[in-house]
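# Results of the structural survey
One letter stands for each residue in the lines below.
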Amino acid sequence: MTLVHDTADRAARIAAVVADIDTSAAIDNDFYRLWMGGPLPYPAVAVFAREYLARTRFTAVMVALSVLNTTDLAARVECVKNLYSEYGNGNAEKAHLVLLENFLADLLSRLGGREVSTGELTLEEPLPSTTAFSAGQRELFSSTDQRVVQGALLAQEHLAFAMLTRLYEGVRNYKPLWPREDDFHEACEYFYVHIGEAEKEHKREAVVSAAAVSRTEADFAVVLRAYDAFLTLTADYWRGVHQAVAAAG
Ligand SMILES: [Fe+2]
Ligand SMILES: [Fe+2]
């Protein structure tokens, strides 16, 4: 068993794993190109909203599972910080899921010219590819092997920052729907919270926690396998969303 003793070394190795994440199909994909390429009609945006919400509504639950299923104390503490942030740093109105639901309902209401409630966003069943993503994600985060959980979390948090920046760039295509410049930016709180701070912190925390459970070469290998599995799940998810959004547009 080869031990990697130095914590800084371990963190540097984990950081090297995620360094080229933006070249993976989970980020470099056709959906983001379509989304950022220009405004889409209501039916296409409605499909995006449904699938994105169906996927994202479990994010905080996954972080909660990472707390439960990580035994290493230092790693668990990092997961707790992430979880607290997902729930609005103690303010229910600022829970990330609430900010997302509010934004999506606002965007669809403006685009559709009628009031769209947050409840309406969940009326239809998600795509099979989205359901497959959620099932695969839950399986990884429910693992009794903390290295699997931390590999998945490492991927989830590093994908999230890149995802939020790309989704936000696409959202800017709809800015004229808000009557005043400042109204648009007020509405975009979900994105600013993530890009400005939350996902940057979550990335740092996930590197620390993944490094904490990677004491041996074998540990690194398990973390890496789970990380790759999460990238694949995510690439498949966006492929499904792209097909459905393109078909609806
Ligand atoms: Fe979040
Ligand atoms: Fe996050």
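So, here's what we can say about the structure.

How each quantity is defined
- The residue count restarts for each chain, going from 1 along the sequence in the order it is written.
- Going through the entries in the order they are written, you letter the chains from A and number the ligands from 1.
- The model is predicted, so local features are restricted to residues of pLDDT at least 70 and side-chain atom pairs to those at 80 or more, both for listing and for counting; the totals for chains, interfaces and linings are taken over all residues.
- Only runs of H or I of at least four residues qualify as helices and only runs of E of at least two qualify as strands under DSSP, and these elements are numbered from the N terminus.
- Residues with at least 20 neighbouring C-beta atoms inside 10 Å of their own are called buried, those with 12 or fewer are called exposed, and the rest are partly exposed, where every C-beta is derived from the backbone.
- Our contact criterion uses C-beta atoms placed from the backbone: two residues qualify when those atoms are within 7 Å.
- For helices, the fitted line uses only the C-alpha atoms of the stretch in contact; every axis is such a line through C-alpha atoms, and the angle between N-to-C directions lies from 0 to 180 degrees.
- The scheme is simple: roughly parallel for angles under 35 degrees, roughly antiparallel for over 145, roughly perpendicular for 65 to 115, oblique for anything else.
- Two helices crossing with the near one rotated counterclockwise from the far one by less than a right angle form a left-handed crossing, whereas a clockwise rotation gives a right-handed crossing.
- Throughout, the ten residues Ala, Val, Leu, Ile, Met, Phe, Trp, Tyr, Cys and Pro are labelled nonpolar, Asp, Glu, Lys and Arg are labelled charged, and all others, Gly among them, are labelled polar.
- By definition here, a helix of n residues has an expected span of 1.5 Å times n minus one.

With that out of the way, let us pick up the environment of Glu 199. Counting through the fold element by element, Glu 199 comes out in helix 10 (residues 189–212). What makes Glu 199 buried here is the crowd of 23 C-beta atoms within 10 Å. As for Glu 199 and Asn 82, which are separated by 117 residues in sequence, their C-alpha atoms are 8.9 Å apart. Once residues within four sequence positions are removed from consideration, Glu 199 is found in contact with Glu 157, Ala 160, Phe 161, Leu 164 and His 194.

Between helix 8 (residues 146–171) and helix 10, the least distance of the axes is 8 Å, while the angle of their chain directions is 160°. Regarding the angle of helix 8 to helix 10, the classification is roughly antiparallel. Where helix 8 crosses over helix 10, the two elements pack in a sense that is left-handed. Of the residues assigned to the contact of helix 8 with helix 10, the class counts are 12 nonpolar, 7 polar and 4 charged.

Mapped onto the elements of the fold, Glu 189 is located in helix 10. Overall, the presence of 16 C-beta atoms within 10 Å leaves Glu 189 in the partly exposed class.

It is at 8 Å that the axes of helix 4 (residues 59–68) and helix 5 (residues 73–86) come closest, and there the two elements cross at 155°. Here helix 4 is positioned roughly antiparallel relative to helix 5, judged by the angle of their axes. When you trace helix 4 past helix 5, the crossing you get is left-handed. Touching Thr 59, Ala 60, Val 63, Ala 64, Ser 66 and Val 67 of helix 4 are Arg 76, Cys 79, Val 80, Asn 82, Leu 83 and Glu 86, all from helix 5. Residue composition of the contact of helix 4 with helix 5, by class: 7 nonpolar, 3 polar and 2 charged.

Because an α-helix packs 3.6 residues into every turn, residues spaced three or four apart end up facing the same way. Taking 1.5 Å of rise per residue, the 14 residues of helix 7 (residues 128–141) would be expected to cover 20 Å, and the 20 Å separating its terminal C-alpha atoms lies within 8% of that figure. Looking at the buried side of helix 7, the elements it contacts are helix 3 (42–56), helix 4, helix 8 and helix 11 (217–248).

For Leu 34, the position within the fold is in helix 2 (residues 30–37). Sequence separation between Leu 34 and Val 80 is 46 residues, and the spatial gap between their C-alpha atoms is 35 Å. Once you skip the residues sitting within four places of it in the chain, Leu 34 turns out to touch His 242, Val 245 and Ala 246.

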